Amino acid sequence: MITLDAKIPDGPLEQKWIGYRSTAKLVSPANRKQLQVVVVGTGLAGSSVAASLGEMGYQVTCFCFQDSARRAHSVAAQGGVNACKNYKNDGDTVFRMFYDTIKGGDFRSREANVYRLAECSANLIDQAVAQGVPFAREYSGYLSNRSFGGVQVSRTFYARGQTGQQLLLGAYQALMRQVAAGTVTLFPRHEMLDLVTIEGKARGIIVRNMDNGAVERHGGHAVVLASGGFGKIYYLSTLAMGCNASAIWRAHKRGALFANPSWTQIHPTCLPQSGDYQSKLTLMSESLRNDGRIWVPKNRDEHRAPNNIPESDRDYYLERRYPAFGNLSPRDISSRAAKERIDAGYGVGALKNAVYLDFSRAIAEQGKQRIEEKYGNLFSMYQKITGVDAYEEPMRISPAAHFSMGGLWVDYELMTTIPGLYALGEANFADHGANRLGANSLLQACVDGYFIAPATIPNYLANEIKSGPVSVDHPAFAETEEAALRQLQQLLGIQGTAPSDHFHKALGTILYDKCGLSRSRAGLEEAITQIRSLRDRFYADLLIPGGPDLNSELEKAGRIADYLELGELMCYDALTREESCGAHFREEHQTPDGEAVRNDRDFAFTSAWEWTGIGQEPALHREPLHFDYVTPTVRSYK
Amino acid sequence: MQIRLKIWRQENRAKQGRLVDYDLPNVEPDMSFLEMLDMLNERLVRQRERPVEFDHDCREGICGQCGVMINGRAHGPLPNTTTCQLHMRTFKDGDTIYVEPFRAAAFPIKRDLKVDRSAFDRIVQAGGYTSASTGGAPEANSIPIRHDVAEAAFDAAACIGCGACVATCKNSSAALFTSAKITHLALLPQGQIETRRRVRQMVLQTDKEGFGHCSNTEACQVECPQQISVLYIARMNWEYNRAVFY
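Residues numbered from 1 in each chain as written. Chains lettered and ligands numbered in written order. Predicted model: local features only at pLDDT ≥ 70, side-chain atom pairs only at ≥ 80, totals over all residues.

A. Geometry of the overall build of chain A. Each helix and strand in chain A was counted, giving 17 helices and 19 strands. Whereas a compact globule of 638 residues would reach a radius of gyration of roughly 26 Å, chain A reaches 24 Å, a difference of no more than 12%. Projecting the C-alpha coordinates of chain A onto the three principal axes gives extents of approximately 75 × 60 × 50 Å. Looking at chain A as a whole, 58% of its 638 residues are labelled buried. Within chain A, counting contacts between residues at least 6 apart in sequence, those at least 24 apart form 73% of the total. (Helix = DSSP H or I, 4+ residues; strand = E, 2+ residues; numbered from the N terminus. Rg over C-alpha atoms; globule rule 2.2 N^0.38 Å. Buried ≥ 20, exposed ≤ 12 C-beta atoms within 10 Å, placed from the backbone. Contact = placed C-beta atoms within 7 Å.)

B. Local environment of the overall build of chain B. On a plain count of helices and strands, chain B comes out with 9 helices and 7 strands. Counting only C-alpha atoms and orienting by the principal axes, one finds that chain B spans roughly 60 × 35 × 35 Å. Here chain B, with 246 residues, has 56% of them falling under the buried criterion. Sequence separation of 24 or more characterises 71% of the internal contacts of chain B that already satisfy a separation of 6 or more.

C. Inspection of the sheet that holds strand β1 (residues 3-9) of chain B at higher detail. An order of β2-β1-β5-β3-β4 (chain B) is seen for the 5 strands of this open sheet, with the pairing classed as mixed. What marks the edges here is a single partner per strand, and that holds for β2 (18-24) and β4 (73-74) of chain B. (Pairing = 2+ DSSP bridges.)

D. Quick look at the environment of A:Glu595. Position of A:Glu595 relative to the elements: it lies in the loop between α16 (552-576) and α17 (600-603). Along the backbone, A:Glu595 and A:Ile333 are 262 residues apart, and their C-alpha atoms lie at a distance of 8.7 Å.

E. Structural detail: the pairing of strand β2 (residues 59-63) of chain A. Residue and element names in this part refer to chain A. In terms of residue burial, β2 counts as a mostly covered element, since 5 of its 5 residues are buried. In β2, alternate side chains face the same way, and those of Gln59, Thr61 and Phe63 on one face and Val60 and Cys62 on the other are all buried. Pairing analysis gives 5 bridges linking strand β1 (residues 36-40) to β2, with the strands arranged parallel. When the bridges of β2 are listed, Gln36 appears paired with Gln59. Following the chain from β1 across helix α3 (residues 44-56) to the adjacent parallel β2, one finds a crossover that is right-handed. Summarising the sheet, β2 and strand β5 (residues 184-187) pair through 4 bridges and their orientation is parallel. From the neighbouring strand, Thr61 faces β5, where its bridge partner is Thr185. (Right-handed = clockwise from strand over helix to strand, strands pointing away.)

F. α3(A), seen in detail. Under the 1.5 Å per step criterion, the end-to-end length of α3(A) is 18 Å for 13 residues, consistent within 8% with the ideal 18 Å. Among the 13 residues in α3(A), 13 count as buried, and that is most of the element. (Expected span 1.5 Å × (residues − 1).)

G. How the structure looks around the domain arrangement of chain B. Looking at the assigned domains, one finds that chain B contains domain 1 (3-102) and domain 2 (117-133 + 143-245). For the side of domain 1 of chain B that touches domain 2 of chain B, the class distribution of residues is 6 nonpolar, 7 polar and 1 charged. (Domains from an automatic or database assignment. Nonpolar A, V, L, I, M, F, W, Y, C, P; charged D, E, K, R; others polar.)

H. Summary view of the interface of chain A and chain B. Of the residues lining the interface, 64 residues belong to chain A; the matching set on chain B comes to 62 residues. Only α3, α5 (111-131), α6 (163-181), α11 (368-386), α12 (441-461) and α16 of chain A provide two or more residues apiece to the side of chain A that touches chain B. If one sorts the elements of the side of chain A that touches chain B by residue count, α6(A) sits on top with 9 residues. For the side of chain A that touches chain B, a count of residues per class yields 28 nonpolar, 22 polar and 14 charged.

I. Molecular detail of the sheet that holds strand β9 (residues 222-225) of chain A. Residues and elements named next belong to chain A. Across the sheet, 5 strands lie side by side as β5-β2-β1-β9-β17; this open sheet has parallel pairing. Strand pairing shows two members of the sheet lacking a second neighbour, β5 and β17 (421-423), which therefore form its edges. Direction aside, neighbouring strands of the sheet carry axes that sit 20° apart on average. Sheet analysis places β1 next to β9, joined by 4 bridges and oriented parallel. Across the sheet, residue Val37 finds its bridge partner in β9, namely Ala222. (Axes fitted to C-alpha atoms, helices over the stretch in contact; angles between N-to-C directions.)

J. Examining the nonpolar core more closely. Within the largest apolar cluster, 272 residues are counted, with the highest numbers of intra-cluster contacts made by A:Val224, A:Leu225, A:Leu408 and A:Tyr422. Looking at which domains feed residues into this core, each of domain 1 (3-102) and domain 2 (117-133 + 143-245) of chain B gives three or more. Sequence-distant contacts of A:Tyr422, defined by excluding residues within four places in its chain, comprise A:Ala222, A:Val224, A:Leu225, A:Leu414, A:Met415, A:Thr416, A:Ala453 and A:Ile457. (Core = buried A, V, L, I, M, F, W, Y, C linked by C-beta atoms within 7 Å.)

K. Region of interest: the packing of α3(A) against α6(A). Residues and elements named next belong to chain A. One way to put it is that α3 packs onto α6 with a least axis distance of 8 Å and a crossing angle of 35°. As for the relative orientation of α3 and α6, their crossing is left-handed in sense. Where α3 approaches α6, its residues Leu44, Ser47, Ser48, Ala50, Ala51, Gly54 and Glu55 are matched on the opposing element by Leu167, Leu168, Ala171, Tyr172, Ala174, Leu175 and Gln178. For the contact of α3 with α6, the class distribution of residues is 9 nonpolar, 4 polar and 1 charged. (Left-handed = near helix turned anticlockwise from the far one by under 90°.)

L. Unusual backbone geometry, seen in detail. Here the phi dihedral of A:Lys7 falls at roughly 55°; this positive angle occurs in a residue that is not glycine. Here A:Lys7 is to be found in the segment before α1 (16-23). Judged by the 12 C-beta atoms lying within 10 Å of it, A:Lys7 falls in the exposed class. Positive phi values are uncommon outside glycine, yet B:Gln227 reaches one of about 55°. A residue is classified by how many C-beta atoms lie within 10 Å of it, and B:Gln227, with 12 of them, is exposed.

M. Highlighting the packing of α3(A) against α12(A). Residue and element names in this part refer to chain A. Contact pair α3 / α12: the axes reach a minimum separation of 8 Å and the direction vectors enclose 30°. Accordingly, the angle class assigned to the pair α3 and α12 is roughly parallel. At the point where α3 passes α12, the crossing takes the right-handed sense. The segment α3 lies against α12, with Leu44, Ala45, Gly46, Ser48, Val49, Ser52, Leu53 and Met56 engaging Leu442, Ala445, Cys446, Asp448, Gly449, Tyr450, Ala453, Pro454 and Ile457. Taken together, the residues that form the contact of α3 with α12 break down as 12 nonpolar, 4 polar and 1 charged. (Parallel < 35°, antiparallel > 145°, perpendicular 65-115°, else oblique.)

N. Expanded view of the pairing of strand β7 (residues 201-209) of chain A. Residue and element names in this part refer to chain A. Most of β7 is tucked away, with 7 of its 9 residues classed as buried. Pairing of strand β6 (residues 190-198) with β7 involves 8 bridges; the strand directions are antiparallel. When the sheet's bridge partners are listed, His190 is paired in β7 with Asn209. Counting the residues in the hairpin turn of β6 and β7 gives 2 residues, including Glu199, whose phi is positive at 50°. Judged from the 5 bridges that link them, β7 and strand β8 (residues 215-219) form a sheet pairing that is antiparallel. Considered in β8, the bridge of Ile206 is made with Arg217. Hairpin remark: β7 followed by β8, antiparallel, with 5 residues in the connecting loop; positive phi at Gly213, about 85°.

O. Fine view of the confidence of the model for chain B. In the predicted model, chain B carries a mean pLDDT of 97, and the fraction of residues at 70 or more is 100%. Per the prediction output, this complex has pTM 0.97; the corresponding ipTM is 0.98. (pLDDT = per-residue confidence, 0-100.)

P. Seen up close, helix α9 (residues 231-245) of chain B. All names here are of chain B. Its 15 residues give α9 an end-to-end C-alpha distance of 21 Å, which sits within 8% of 21 Å, the value for a rise of 1.5 Å per residue. Along α9, the residues that are buried comprise Tyr232, Ile233, Arg235, Met236 and Glu239. In a view along the axis of α9, the buried residues occupy a sector of 155°, so they form one face of it. Residues of α9 that are exposed and point more than 90 degrees away from the buried face comprise Asn241, Val244 and Phe245. Packing partners of the buried residues in α9 comprise α3 (147-157), α5 (175-187) and α7 (195-208). (Arc of directions from axis to C-beta.)

Right, here's the structure in full:
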């Protein structure tokens, strides 16, 4: 029987983290080099934890599937990173940031964790500046801030539209320094195939060298998964092509519970699909909504070009439905409202799958030059991809899968339900509740990696000194390796007729349709049946040419095999949560005018799922959420 | 659109490679270049042939993983554009397109269009960082940095490490890559203390990896997706001389 103990420290909210750190067990410097830690992933969370543990003197092995650690998808984050420095003297405090985040998450996250996130945020900016991250600065030479995501203070630090890239390069460089120092051994182009557990504890991983196909064993006294989010399960998403759930999913099948898997943020301002060849829906920064107005035609069978449609025939539906926030309504609300109009037949573009984002009024009021200064790079990116000049006609945008709020269940120490196995950054379910605020994802990944895990992992390792070096000759390594090899052979041996992308696209269509922006009991039940039969077809008809050497079709197939199981779990998760909260909107639970109805009495808990076998109904465990410092309220943007 | 592709196929580093012809009859102008390769690969898989291996990941021009020579130009015919941001509307119906890997002795080939760019990581390991360990950082605003200096540091730091500068250079020089990192950190007060050691070590490592020397043709900045300026190469040389002679 699994018991979920979040291990929240006693004491008042603001004393919990300092109290924890003051009493956590330590490992003396002389003992650290005898302890090995395996880190999977080199994004912000993975690079920062590997570098930090290396600096402390632990022996770290670090893995990524990209050809360089610097290419992990944290690199693509545009907008910024939040921190409550109160540089603007606008009343920002740790508590205010904590409150904004917990409310933004629709009161579905842990108070203690979220408070700690806000508490550690200020120090992260210090760390990044010391690494040479070139944040934007005022003419005075001091750091600049902007506001983001509807909060009333300016707490977002940014480096033009490339904040993720610059933070990641800071962490990557810290990691490279440790590689040179010999404390971290880096394995790029290595993908985790399975987790090795010995007597219930995480003891290492099985990986595949993607350049030559060799399957290898790597042992450690602790294993850290920082492998990012899985929004790519929808196939069309803002994520990189290689983003996957395989590391966390295979750990899940070894016993780690998976929390809130269905909570995926669908970002409202992305480029729409233009054909079935499309591989990616590029994100256009949310900042565009500061000056752009969103509309669709009032007539379903509108054939006129957008500039020829008069004002009287336009429906500015966000301004109509949410007059207080209008075009700046939060991501979940804006995405849902767009879907409602598109589904009702008012979509625009050749596939009628988009809405207009119109800058004509802003250009008329502020002049083209001012708009160019603010958004020039976005307008040129839009033109590069679509060939359309958005100064002359409205952009066409549509919602796309973006961020996984769900992930492996972790306690306050970021440890999963498997002792010695940790999950950091987007790979865990963490701090964002049912909806993530803009500029909080970079923050969470960094805080997990630089500050939290380096304090909590030693608390576990202190008891592992006596266990001696981990031998990869242990039978558990041999068994797990054999299972991994069997799976590779199984996939290669099917020799059917369809490439893996075919199944991935089909899965994405099912999930967008039935487990995306809006969900219903009937739809989810149908989706579960469809995913099961798609999975059967995958194992009957998959075709991978070539062998187990460098073979990108084999890499993709392994990831899709996992997605075909995770997709089913997402549907179960959405099915059992009979309420609407944040990104999770159940059609049965809405007000007469289409707003979400949360149910705090019955659903103020985290859903943590246990693997019970393929095609079996997973087992649900509940971690109740307690609100001692905030009072859950209804999020209204009317 | 009808496109004829001539793609470099090579099983591994030891085997001989060759250009192979593929005809694609139904290319959409709105496809990205990589989506066009996806379409080819889907066809090859369905014919039980090995697909063309190529590097790619974010497909929004920032990860630096994609990059091939297209008709002899790194990342294709548009200046300052990654391969993933190139669209088929740039080409004409009936065009023949040559697709080859980035070629440089320091970028050994893996398979088809994939090359090994780990030399770049080793150059950064030689000193492309500030030695600021986690936890000891002072308050961020305690050292003001002039706005224009911070902006210039950003311009240099924007490098995505794709290797187009090397691929386009007749000497296969990595001067633009190495100088961008040296300049980024040399401009900031946080990077000052280690500047002399950094420039010596990074230049030494760049030579060790087998990259050629810069002969100032400035071809690199034409292809660089982040428009990194060749002025940083001058800065690197200046820093190097200062470190060695003074």
